[in-house]
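A structural walkthrough
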Amino acid sequence: MKEQVEERLEFYDKGTAPRRNVAVMQEVVEAMGGSAANKKRKSSSDDNGGGKKQKKEKKAKEGKEGKEKKKKVKKEKKEKN
């Protein structure tokens, strides 16, 4: 990190572009014996079968069912009166 700070200061002083954070982190991972380029994060859909899109679809479906149920109850109340 100290090198990054020095690079940023040099950028303000001389205008030379510093390395990007991604590149620095990849260097750290490689120095520790791993490979960041080959590793992928597991998405939440891989873990429990529900990603953001699936959750959104489920919520929309529940909303439609709720609206239909409310309409049905309202209609039944009107019929009683």
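Let us look at the overall build of the protein chain. The helix and strand tally for the protein chain stands at four helices and zero strands. When the accessible area of the protein chain is evaluated, it comes to approximately 8,300 Å², of which 52% is carbon and sulfur surface.

This model, assessed by the stated rule, comprises three salt bridges. Close ionic contact of glutamate 3 with arginine 19 constitutes a salt bridge, the shortest N to O distance being 3.3 Å. Separated by 16 residues along the polypeptide, glutamate 3 in helix α1 (residues 2-14) and arginine 19 in the loop between α1 and α2 (21-31) bring together distant segments of the chain. Taken together, the shared-partner salt bridges connect Glu3, Glu7, Arg19 and Glu27 into one network.

A separate point is a positive patch on the surface. Judged by side-chain charge, Lys64, Lys67, Lys70 and Lys71 come together as a positively charged surface patch. Mapped onto the elements of the fold, lysine 71 is located in helix α4 (residues 52-80). Take lysine 71: its relative accessible area is 63%, and that puts it in the exposed class.

Among the surface-exposed residues, Val5, Leu9, Phe11 and Tyr12 lie close enough to one another that they form a single nonpolar patch of about 440 Å² accessible area. Tracing the chain through its elements places valine 5 in helix α1. Residue valine 5 is classed as partly exposed on the basis of its relative accessible area, which comes to 46%.

Right, let's get into the side chain of glutamine 4. As for its position among the elements, glutamine 4 is in helix α1. Here asparagine 21 takes part through its side chain, which lies 2.7 Å from a polar atom of the side chain of glutamine 4. Once residues lying within four places of it in the same chain are set aside, the contact partners of glutamine 4 are Asn21 and Val24.

This next bit is on the environment of proline 18. For proline 18, the position within the fold is in the loop between α1 and α2. When the C-alpha positions of proline 18 and glutamate 6 are compared, they lie 8.9 Å apart, and in sequence the two are twelve residues distant. Discounting residues that sit within four places of it in the chain, proline 18 has contacts with Glu7, Arg8 and Phe11.

Calculation rules
Residues numbered from 1 in each chain as written. Predicted model: local features only at pLDDT ≥ 70, side-chain atom pairs only at ≥ 80, totals over all residues. Heavy atoms only, no water. Helix = DSSP H or I, 4+ residues; strand = E, 2+ residues; numbered from the N terminus. Areas by Shrake-Rupley, 256 points an atom, 1.4 Å probe, with all protein chains shown as cover. Salt bridge = Lys/Arg side-chain N within 4 Å of Asp/Glu carboxyl O. Patch = residues over 30% accessible without salt bridge, like charges linked within 9 Å, V, L, I, M, F, W, Y side chains within 5 Å. Lys, Arg positive; Asp, Glu negative; His and termini not counted. Charge placed at Lys NZ, Arg CZ, Asp CG, Glu CD. Buried < 20%, exposed > 50% of the residue type's maximum accessible area, 1.4 Å probe, protein only. Polar contact = N/O pair within 3.5 Å; in protein donor to acceptor, adjacent residues only side chain to side chain. Contact = heavy atoms within 4.5 Å.

Shape descriptors only; they carry no functional weight alone.
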